[in-house]
Amino acid sequence: MQFIKSAVAALSFCAVSALSPGLAFAQNDLSNQFNEIIEAARYEQGIATFTQKAQQNPDNSQAKLALGALQFLSALQGLQQDLYRYGAGNTSPNRSLRSILPVFRAPVAPNPTPEPVSYEKTRLILEKFIKQLKAAEATLADVSQPSVKLKVDLLKINLDADKNETIAPHENLGSILSSLSRRSPFSLNDDTTTFPVTFDLADTRWLQGYSNLLMSFSNFMLAFDYENTYDLTFHSIFGANSTSYGTQLKDLGKSEDNRGFGSFATPISFLHSINWKVEHPDHLKATRQNLLKVMQLNYETWELVQQETDDDHEWLPNPNQTSPFQELPVTQQTIDSWLQAVKASEKVLKGEVLIPHMVFEGGINMKSFFETADTFDLVLFITGPNAVEYVEQGPVWNGDFMRTISRPLNRNFGAFAIWFN
């Protein structure tokens, strides 16, 4: 479910800026154009339109923000279209595998005529996704106008996953929200028909952060040769004909049962098969840089949030503003605890704090891993042989410290993490 929640949070951002009261008509015109595009899911057309507007007036932060948001949503739509093309919606969702492979388990409808898929094509999916997210992140980074704002109804956001230019109910953000567990703090009531939010500069930095977060997963996968893992487990995503093992199961008249132990069989196979050779070290280094960028943008986001004095349908509220989720009130202690967790994670990525290991004294330097690893064997990493070269002496991540700083977030730490990124 993590990808769905992450996608809900990520899809929930779309904004254009307000330049000044004297330009209200122009603002509304751009806003209306933007909302028409996201409702019709015509992202290529929208990107062309707002690229032209931004080029015609480089100081138009509103057009740049709209363009960046459209590029981000277009990346998500492109991912869904690729998954639909190869029949990722034809198998029963394995919740355990979805949490391990969030990008590949984005929800899509069944495709009656899927195209053949392969290991190489899954790599192309990730490469395309990164390229589009990079473009969105670069555009959003160029937005600096402090007063940028737009009111938008999040439940009007659509993604044309089957590329038929017709929006089906399951392609609407509201359907994705409704698919969440009733116990989730992000779930909507049955009678919820609108979700108005006013987005601003802080949310621009937030969306930059989510772009980097999604890129980090894709870069991590692309760093390795995961073909054996593909052959053993990706039939659970793309169907029996997509892998050698899936074909064997089909020939034997067998299928994986997503009930009982069968629901864990593929995730166990996936984890056990992680004995990967690093083929593209630049992607592994990029993973760390993406994650460090997420930390940096968190600091920028919350500095901007805490400077706000209005209370206008906020997406990320400060303690004096209203949270869009009743079950997730944001207090100053919430923000402080979250930023402490961000700081601790940043120190791990920089190698200033080590990850404890079950075998060695000292800990694992994750900066060294991301910058120098040539293999990654998950089991041997946990038991020691594949981790020994990254062992150092120094400050080690303290579980008690993490529990202390996360306590103000109570049992909703995971939900806040998905929301805040």
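Parameters at a glance
- Residues numbered from 1 in each chain as written.
- Predicted model: local features only at pLDDT ≥ 70, side-chain atom pairs only at ≥ 80, totals over all residues.
- Heavy atoms only, no water.
- Patch = residues over 30% accessible without salt bridge, like charges linked within 9 Å, V, L, I, M, F, W, Y side chains within 5 Å.
- Areas by Shrake-Rupley, 256 points an atom, 1.4 Å probe, with all protein chains shown as cover.
- Salt bridge = Lys/Arg side-chain N within 4 Å of Asp/Glu carboxyl O.
- Helix = DSSP H or I, 4+ residues; strand = E, 2+ residues; numbered from the N terminus.
- Buried < 20%, exposed > 50% of the residue type's maximum accessible area, 1.4 Å probe, protein only.
- pLDDT = per-residue confidence, 0-100.
- Contact = heavy atoms within 4.5 Å.
- Axes fitted to C-alpha atoms, helices over the stretch in contact; angles between N-to-C directions.
- Parallel < 35°, antiparallel > 145°, perpendicular 65-115°, else oblique.
- Left-handed = near helix turned anticlockwise from the far one by under 90°.
- Pairing = 2+ DSSP bridges.

A.B. asks: An account of a nonpolar patch on the surface is requested, with residue identities and associated values reported.
C.D. replies: The grouping of M358, V359 and I382 at the surface amounts to a nonpolar patch, some 310 Å² of accessible area in total. Inspection of the secondary structure assignment puts M358 in the loop between β5 (355-356) and β6 (363-364). Owing to a relative accessible area of 63%, M358 belongs among the exposed residues under this scheme.

A.B. asks: Which residues make up the confidence of the model for the chain, and what values do they have?
C.D. replies: When pLDDT is averaged along the chain, the result is 86, and 85% of the positions lie at 70 or above. The low-confidence segment residues 1-25 (pLDDT under 50) makes 94 contacts with residues lying over four places distant or belonging to another chain.

A.B. asks: Describe the packing of helix α6 (residues 119-141) against helix α8 (residues 201-223), and please don't skip the residues or the numbers.
C.D. replies: Running from amino to carboxyl end, α6 crosses α8 at an angle of 155 degrees, the nearest separation of the two axes being 9 Å. It follows from the interaxial angle that α6 and α8 lie roughly antiparallel. Regarding α6 and α8, the two cross each other, and that crossing is left-handed. Residues R123, L126, E127, F129, I130, L133, K134, E137, L140 and A141 of α6 lie in contact with α8, whose contacting residues are T204, R205, L207, Q208, S211, N212, L214, M215, S218, N219, M221 and L222.

A.B. asks: So what about the sheet that holds β5? Which residues, and what values?
C.D. replies: Read across the open sheet, the three strands follow the order β5-β6-β8; overall the sheet is antiparallel. Edge strands, defined here as strands with exactly one partner in the open sheet, are β5 and β8 (391-392). The pairing of β5 with β6 spans two bridges and is antiparallel. Pairing of P356 across the sheet is with G363, part of β6.

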